[in-house]
Amino acid sequence: MAAVKVLNSKAEVARAQAALAVNICAARGLQDVLRTNLGPKGTMKMLVSGAGDIKLTKDGNVLLHEMQIQHPTASLIAKVATAQDDITGDGTTSNVLIIGELLKQADLYISEYLMADNGLIRGLVLDHGARHPDMKKRVEDAFILTCNVSLEYEKTEVSSGFFYKTAEEKKKLVKAERKFIEDRVQKIIDLKDKVCAGKGFVVINQKGIDPFSLDTLAKHGIVALRRAKRRNMERLTLACGGMAVNSLEDLDIDCLGHAGLVFEYTLGEEKFTFIEDCVNPRSVTLLIKGPNKHTLTLIKDAIRDGLRAIKNAIEDGCVVPGAGSVEVAIADALVNYKPSVKGRARLGVQAFADALLIIPKVLAQNSGFDLQETLVKVQTEHSESKQLIGIDLNTGKPMVAADAGIWDNYCVKKQLLHSCTVIATNILLVDEIMRAGMTSLRG
């Protein structure tokens, strides 16, 4: 029997990773406060009471007693540390520092664990598991039935009512309603018995499955997932094959998809169902794990950029060297072209060449190197070798970008040269700025 929890309706609850993160943050916050007090050359803290009394001290025991600590975890650590002083007379600050550092190191290992197993899943990952304790957690060589059929009693869409005279009539009515659902469940069981010879059978339903139906399916060795998200239902048939059915009439093997492995994975309090080893899947999943939402966002953005770069390279049929080498080469070509231009347009050619060099300049500056010295070296190497020379961001020295395997997308560079020129030209043509609105009509 599950434990009974009685909570205030407005209570805030943090579980699993969220609770761990909150507690570690509290411990490290208390550690940061007392860190500078340790040792004979440690600094002192000034405590100001509500009445304005001032106290200077570096004693950890005094600080923990005088500070108003609100966080329950930090308060617990403070009580443990002051107990150390009561027993031994010393070591309060060291106690807090070691507790904070232990949790910090544990957080690193937990983060490494969470970051493991990132990769490509040749199938789908659903963010929920089976709803019956007797259903298998792992099924190999499984047929997949994707459906959008209600397997639970539902209220009618229009207002209606049934009238009965006796309890027997009520029982008959309830039995008839139940039989309607049982017949649907039986059709799934009949299909399973017909096609399965030592193979698994998994039902993934977009609508609900009531406990009675789940129990019946479990007794026949069928794994059932209910209330799957629509986006997953659309991808299931692409990954596993078969087709999504909206009716259980005329079910046959052509309706079924197939997966080499279906298993349930639990992470903290969350359950996930992996559908893997699909044959020639047209929809796959990139699995990303991380210690927090911020890290996941960074990884997601990096993967998106990488996939888009691959897509661009395939569509362009070519790539160009990176590391600022293209901008240096174009700037050099413009400088050589400049003498053939007459009039004021020659100044525009030089301005455009100088503007392009902002890319290698910023690359060098952001890597901690002197931008002028680095740029001169790269331009000199380019002039002497006539190769596309970029900046090695690890050493600041010139390098042949192609030999280092550093490439940029052709379409990206092309779009940059076009859009930047157009926008800059339009802005330069603006000779007056007016703020117009309804306020200008008043009075």
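Use the structure listed above.
Just so it is clear, the model here is predicted, and its values are computed rather than measured.

Asker: Is there a simple way to think about the overall build of the chain in this case?
Answerer: From N to C terminus, the chain includes 13 helices and 14 strands. For a compact globule of 443 residues, the expected C-alpha radius of gyration is about 22 Å, and the chain comes in at 34 Å, more than 25% above that figure. Principal-axis analysis of the C-alpha atoms gives the chain an extent of 100 × 75 × 70 Å. Expressed as a percentage of its 443 residues, the buried residues of the chain come to 32%. Accessible surface, the chain as shown: approximately 29,200 Å² in total, 57% of it carbon and sulfur. Side-chain charges in the chain split into 57 positive and 54 negative, and the spacing between the mean points of these groups amounts to 4 Å.

Asker: Sorry, what's going on with the packing of helix H9 (residues 325-337) against helix H12 (residues 371-385) here?
Answerer: Each pair of packed helices can be described by the angle between their axes along with the distance between the axes. Relative orientation of the contacting elements H9 and H12 amounts to 65 degrees, with a least axis distance of 10 Å. Comparing their axes, H12 and H9 come out roughly perpendicular. Taken as a pair, H9 and H12 cross one another with a handedness that is right-handed. Note on element contacts: H12 touches H9 through Val378, Gln379, His382 and Ser383, opposite Val328, Ala329 and Asp332. By residue class, the composition of the contact of H9 with H12 is 3 nonpolar, 3 polar and 1 charged.

Asker: Even after reading the chapter, I still don't get empty space enclosed by the protein, so can you show me in this structure?
Answerer: In this approach, a probe sized like a water molecule rolls over the atoms, and the result shows the empty space that is left. A full pass over the atoms with the stated rule returns 1 cavity of 30 Å³ or more. Empty space within the largest cavity amounts to approximately 70 Å³. Surrounding the largest cavity, Ala130, Lys136, Lys137, Arg138, Val139, Val223, Leu225, Val262, Phe263, Glu264 and Thr273 form its lining. Counting only elements with at least two residues in the lining of the largest cavity, the list comes to strand E5 (138-147), strand E7 (223-225) and strand E8 (257-267). It is E8 that provides the largest number of residues to the lining of the largest cavity, a total of 3 residues. Considering only residue class, the lining of the largest cavity consists of 6 nonpolar, 1 polar and 4 charged.

Asker: Explanation requested: the environment of Val320 in the structure shown.
Answerer: Summarising the element assignment, Val320 is placed in strand E11 (residues 319-321). Taking the C-alpha atoms as reference points, Val320 and Lys413, separated by 93 residues in sequence, lie 8.6 Å from one another. Residues within four places of Val320 in sequence aside, it is in contact with Val326, Trp407, Asp408, Asn409, Tyr410 and Lys413.

Asker: Quick question: what am I supposed to make of the layout of surface pockets here?
Answerer: In this structure, the second largest pocket spans a volume of roughly 410 Å³. What lines the second largest pocket is a set of 16 residues, and nearest its centre among them are Phe352, Ala355, Leu356, Cys420 and Thr421. Among the secondary structure elements, those contributing two or more residues to the lining of the second largest pocket are H9, helix H10 (345-356), helix H11 (358-366) and helix H13 (410-428). Sorting elements by how many residues they give to the lining of the second largest pocket places H13 first, with 8 residues. By residue class, the composition of the lining of the second largest pocket is 12 nonpolar, 2 polar and 2 charged.

Asker: What exactly am I supposed to notice about the pattern of salt bridges here?
Answerer: Pairing between side chains becomes possible if they bear opposite charge and their charged atoms approach one another. Counted under the stated rule, the structure contains 16 salt bridges. A salt bridge links Asp32 to Arg35; its shortest N-O distance comes to 3.4 Å. A residue is classified by how much of its surface remains accessible, and Arg35, at 43% relative accessible area, is partly exposed. Close ionic contact of Arg230 with Glu234 constitutes a salt bridge, the shortest N to O distance being 3.3 Å. Linking Arg230 with Glu234, this pair stays in helix H7 (residues 230-240), spanning 4 residues, or about one helical turn. For Arg230, a relative accessible area of 60% puts it in the exposed group. The network of salt bridges with common partners includes Lys137, Glu264 and Lys271.

Asker: Looking at this structure, I do not really get the packing of helix H5 (residues 167-195) against helix H6 (residues 211-219). What am I missing?
Answerer: Between H5 and H6, the least distance of the axes is 10 Å, while the angle of their chain directions is 30 degrees. When the axes of H5 and H6 are compared, the pair comes out roughly parallel. Between H5 and H6 the crossing geometry is right-handed. Residues Arg178, Ile181, Val185, Ile188 and Ile189 of H5 touch H6, and the partners they reach there are Phe212, Ser213, Thr216 and Leu217. A class-by-class count of the residues in the contact of H5 with H6 yields 6 nonpolar, 2 polar and 1 charged.

Asker: How should I be thinking about H12 in this particular structure?
Answerer: An α-helical turn contains 3.6 residues, so a residue and the one three or four places further along point in the same direction. The end-to-end C-alpha separation of H12 is 21 Å, in line with the 21 Å expected for 15 residues at 1.5 Å each. Taken residue by residue, H12 has Thr374, Leu375, Val378 and His382 as its buried positions. Along the axis of H12, the buried positions cluster into a sector of 95 degrees, meaning they face one direction only. Residues of H12 that are exposed and point over 90 degrees away from its buried face: Gln372 and Glu384. Tucked into the core, H12 has its buried residues touching H9, H11, strand E12 (389-391) and strand E13 (398-400). One side-chain oxygen at the N-terminal end of H12 lies 3.3 Å from the backbone nitrogen of Gln372; it belongs to Asp370. Downstream of H12 by a residue or two, Lys386 has a phi angle that is positive, lying close to 60 degrees.

Asker: Help me out: how do you make sense of the packing of aromatic side chains in this one?
Answerer: Geometrically, a pair of aromatic rings is defined through the distance of the ring centres and the angle of the planes. Under the counting rule described, the total for this entry stands at 2 aromatic pairs. Measuring from ring centre to ring centre gives 4.8 Å for Phe263 and Phe274, while their planes differ by 10 degrees; the resulting arrangement is stacked. Of this pair, Phe263 sits in strand E8 while Phe274 is found in strand E9 (residues 270-276), placing the two residues 11 residues apart along the sequence. Take Phe263 and Phe274: they sit in the same class, and that class is buried.

So, how was this worked out
Sequence positions are assigned chain by chain, starting from 1 and proceeding in written order. Local features in a predicted model are, by the rule used here, given only for residues with pLDDT of at least 70; side-chain atom pairs are given and counted only at 80 or more, and totals for whole chains, interfaces and linings are based on all residues. As a convention, hydrogens and water are excluded, and side-chain values are obtained from all of the structure's heavy atoms. Helical segments are the DSSP runs of H or I of at least four residues, strand segments are the runs of E of at least two, and each set is numbered from the N terminus. C-alpha atoms define the radius of gyration, and 2.2 Å times the number of residues to the power 0.38 defines the globule rule. Buried, partly exposed and exposed residues are distinguished by accessible area as a fraction of the type maximum, computed with a 1.4 Å probe on protein chains only: under 20%, between the cut-offs, and over 50%, respectively. Note that accessible areas follow from Shrake-Rupley with a 1.4 Å probe, and for residues the cover is restricted to the protein chains shown. Charge assignment: positive for Lys and Arg, negative for Asp and Glu; neither His nor the chain ends contribute. Charge positions come from single atoms, namely NZ of Lys, CZ of Arg, CG of Asp or CD of Glu. The axes used here are C-alpha line fits, helices contributing only the stretch in contact, and every angle between their N-to-C directions lies in the interval 0 to 180 degrees. When describing relative orientation, an angle under 35 degrees is termed roughly parallel and one over 145 degrees roughly antiparallel, while 65 to 115 degrees is termed roughly perpendicular and anything else oblique. Left-handed describes a crossing whose near helix is turned anticlockwise from the far helix through less than a right angle; right-handed describes the clockwise counterpart. Residue contacts are defined here by distance: any two heavy atoms, one from each residue, within 4.5 Å place the two residues in contact. Gly is put with the polar residues, along with every residue not named as nonpolar or charged; the nonpolar set is Ala, Val, Leu, Ile, Met, Phe, Trp, Tyr, Cys and Pro, and the charged set is Asp, Glu, Lys and Arg. Cavities and pockets are defined on a 1 Å grid built over the protein atoms alone: a cavity is a set of grid points where a 1.4 Å probe fits but cannot escape, while a pocket is an open set with protein on both sides within 12 Å along at least five of seven lines, and lining residues are those with an atom within 4 Å of any such point. Grid points are joined across faces, edges and corners, and a volume is the space filled by probe spheres set on the points. The term salt bridge refers to a pairing of a side-chain nitrogen on Lys or Arg with a carboxyl oxygen on Asp or Glu at a separation within 4 Å. Expected helix span is given by 1.5 Å per residue-to-residue step, counting one fewer step than there are residues. Directions pointing from the helix axis toward each C-beta atom define the arc. Polar contacts, as used here, are pairs of N or O atoms within 3.5 Å; protein pairs need one atom able to donate a hydrogen and one able to accept it. Residues neighboring in sequence count only if both atoms are side-chain atoms. In this analysis, rings of Phe, Tyr and Trp, with Trp reduced to its six-membered ring, are considered paired at centre separations within 6.5 Å, and the interplanar angle assigns stacked below 30 degrees, edge-to-face beyond 60, and tilted for intermediate values.

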